[in-house]
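Descriptive analysis of the structure
Okay, here's what each chain looks like letter by letter:
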Amino acid sequence: MLPKERILEKTFTLFHKQGYNATGINQIIEEAKVAKASFYQHFKSKEDLCVAFLNERHDFWFNALEKFTSKTKDPKSKVLASFDFLIFMNQNENFRGCSFLNILSEIPSNNVKILAVIQSHKTDLRNYFKNILSNDVIADHVYLLFESCIIESQLFKSNELIEQTKKIIQTLIS
């Protein structure tokens with residue numbers, strides 16, 4: 001694997017598990033087994049590395065979501081499968097939650113470079129539901145339920161509210 005790929009692979013794991021602020025560049029360099037000069041050849045700063053991480057995480061997450069829900073065709077089933085995907089991710093990632101929201105809570109409010117990537121990811125998720133559902137108000141409602149499920153399941157280390165939300169969606173979508 002090339003140095004840049006090793007750096008991103010380690011960052012993918014460390015930022016997701018430890019968080020942005022708790023992960024230092026020196027730890028990434030050491031664990032990726034690259035020279036400091038090699039790191040800075042690919043990334044000018046930790047902020048640039050974070051942007052690359054978030055872009056990679058975005059692609060990983062949406063590809064996994066699409067694959068997970070690909071067998072369902074009708075809108076209601078696809079939305080419900082999306083919530084099942086949250087349960088699946090919680091089980092695979094030990095209720096770590098959303099990397100984007102986790103990093104949002106760690107960056108200064110004036111960090112527009114990272115904030116723009118986070119906003120883009122959330123806009124894509126909102127549009128994901130709008131593309132499934134014909135009613136934009138219901139799609140936004142589902143999006144907000146989805147986001148709250150991510151936070152609540154991380155907070156309580158439980159999928160219980162995701163299951164409850166699926167019952168709500170059964171009545172929300174005809």
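Another aspect to go through is the overall build of the chain. The helix and strand tally for the chain stands at nine helices and zero strands. Listing the helices and strands of the chain from first to last along the sequence gives α-α-α-α-α-α-α-α-α. C-alpha atoms of the chain, sized along the principal axes, occupy 55 × 30 × 30 Å. A buried classification covers 45% of the 174 residues belonging to the chain. Look at the contacts in the chain between residues 6 or more apart in sequence, and 68% of them connect residues 24 or more apart. In the form shown here, the chain has an accessible surface area of approximately 9400 Å², with 54% of it arising from carbon and sulfur atoms.

Our next topic: unusual backbone geometry. Not every positive phi belongs to a glycine, and Lys33 is a case in point at roughly 55°. At Lys157, a position not held by glycine, the phi torsion is positive, near 50°. Summarising the element assignment, Lys157 is placed in the loop between α8 (136-156) and α9 (160-172).

With that out of the way, let us pick up the pattern of salt bridges. Taken as a whole, this structure holds seven salt bridges when the rule is applied. Ionic pairing is found between Glu93 and Arg57, a salt bridge with its closest N-O pair at 2.7 Å. Of this pair, Glu93 sits in the loop between α5 (75-92) and α6 (99-104) while Arg57 is found in helix α4 (residues 46-69), placing the two residues 36 residues apart along the sequence. For Glu93, a relative accessible area of 18% puts it in the buried group. The partner of Asp140 in a salt bridge is Lys130, and the shortest N-O contact between them spans 3.8 Å.

A probe matching the size of a water molecule, rolled over the atoms, marks out where space remains unfilled. Tallied over the entire structure, the rule returns one cavity of 30 Å³ or more. Of the pockets and cavities examined, the largest cavity occupies roughly 170 Å³. Around the largest cavity, the lining is made up of 17 residues, and of these Trp61, Leu86, Gly97, Cys98 and Ile150 lie nearest the centre. At the level of elements, α4, α5, α6, α7 (112-132) and α8 are the ones that each hand at least two residues to the lining of the largest cavity. Among the residues forming the lining of the largest cavity, the class breakdown is eight nonpolar, five polar and four charged.

So, how was this worked out
- Residue numbers here run from 1 along each chain, matching the order of that chain's written sequence.
- Residues qualify for local features only when their pLDDT is at least 70, as the model is predicted, and side-chain atom pairs are given and counted only at 80 or more; totals for whole chains, interfaces and linings, by contrast, use all residues.
- In computing side-chain values, all of the structure's heavy atoms are included and hydrogens and water are not.
- Numbering of helices and strands runs from the N terminus, with a helix taken as a DSSP run of H or I at least four residues long and a strand as a DSSP run of E at least two residues long.
- Only protein chains enter the area calculation, which uses a 1.4 Å probe; residues under 20% of their type maximum are buried, those over 50% are exposed, and those in between are partly exposed.
- Working rule for contacts: check all heavy atoms of both residues, and any pair within 4.5 Å makes them a contact.
- Residue exposure ignores everything except the shown protein chains as possible cover, and the areas themselves are Shrake-Rupley values with a 1.4 Å probe.
- By definition, a salt bridge exists where a carboxyl oxygen of Asp or Glu is found within 4 Å of a side-chain nitrogen of Lys or Arg.
- The distinction between a cavity and a pocket rests on a 1 Å grid over the protein atoms alone: a 1.4 Å probe fits inside a cavity but cannot get out, while a pocket stays open yet meets protein on both sides within 12 Å along at least five of seven lines, and a residue with an atom within 4 Å of a point counts as lining.
- Grid points are joined across faces, edges and corners, and a volume is the space filled by probe spheres set on the points.
- By the convention adopted, Pro, Cys, Tyr, Trp, Phe, Met, Ile, Leu, Val and Ala count as nonpolar, Lys, Arg, Asp and Glu as charged, and the other residues, Gly among them, as polar.

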